[in-house]
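Results of the structural survey
Take a look at the letters that make up each chain.
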Amino acid sequence: WSALFGVNLLYMIIWIPAIIWTGLNITALFNGAETLTGEEISGLMATWLLIMVPCIAITGPFNAGVTYVLRNWARDEHSFVLSDFKDAVKANWKQSLVISVIDGVLPFLMFTCWRFYGGMLSDSALYMVPTALVLLVTIVWTLASMLAYPMLITYDLKLKDVIRNSVLLTVGKLPYAILIKLITLAVP
């Protein structure tokens, strides 16, 4: 168990900027909760999501390193935590960085599109279609990104193939993907 705690502590280092930024925003929200309008809260949320993009983007290579170590343990293979972690980060940093940039940009884009199209719903009910599409793309990518890192470190594929295969596997086994995501959300 101590090695698992060590990997988690190593992984938490890269999340420190996101934790600090989130803490600052929660503090600002609670300090002005009585005086903030809905538009100000929406602006605070947009600013938080915008700054979270680089905070999440830098986590990609670390995700690859942690995934490699945990995959080896799941296969009942020996893994030297620090050296295997470092090797996986070095071997997969470019592709994992692109995936984590998508992971960081997608919530901001979803929130922006949701506000934009949601504001236009009073003009026409047809704006429900792009609103639903934005939500659908976000859900599918959230489910597919669970598969992207294991696929990235296990197989020698181009980035477009990793993304395509993870999305196809997610859509092909959608009920299982949703169930697994719900289980992982239930743990915390």
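Residues numbered from 1 in each chain as written. Predicted model: local features only at pLDDT ≥ 70, side-chain atom pairs only at ≥ 80, totals over all residues. Heavy atoms only, no water.

With respect to the pattern of salt bridges
What the rule picks out here adds up to four salt bridges. The partner of glutamate 39 in a salt bridge is arginine 115, and the shortest N-O contact between them spans 3.3 Å. Of the two residues, glutamate 39 is situated in helix α3 (residues 38-57) and arginine 115 in helix α5 (residues 81-120); the sequence distance between them amounts to 76 residues. Assessed through its relative accessible area of 37%, arginine 115 is described here as partly exposed. (Salt bridge = Lys/Arg side-chain N within 4 Å of Asp/Glu carboxyl O. Helix = DSSP H or I, 4+ residues; strand = E, 2+ residues; numbered from the N terminus. Buried < 20%, exposed > 50% of the residue type's maximum accessible area, 1.4 Å probe, protein only.)

A short note on α5
With 40 residues, α5 extends just 51 Å between its outermost C-alpha atoms, more than 12% less than the 58 Å of an ideal straight helix rising 1.5 Å per residue. The largest bend in α5 is about 75 degrees, located at tryptophan 93. (Expected span 1.5 Å × (residues − 1). Bend = angle between axes of the 7 residues up to and from the residue.)

Re the packing of α5 against helix α6 (residues 128-154)
With their axes 10 Å apart at the nearest point, α5 and α6 run at an angle of 165 degrees to one another. Classified by the angle their axes make, α5 and α6 are roughly antiparallel. The handedness of the crossing between α5 and α6 comes out as left-handed. Looking at the contact of α5 with α6, its residues break down into 16 nonpolar, eight polar and one charged. (Axes fitted to C-alpha atoms, helices over the stretch in contact; angles between N-to-C directions. Parallel < 35°, antiparallel > 145°, perpendicular 65-115°, else oblique. Left-handed = near helix turned anticlockwise from the far one by under 90°. Nonpolar A, V, L, I, M, F, W, Y, C, P; charged D, E, K, R; others polar.)

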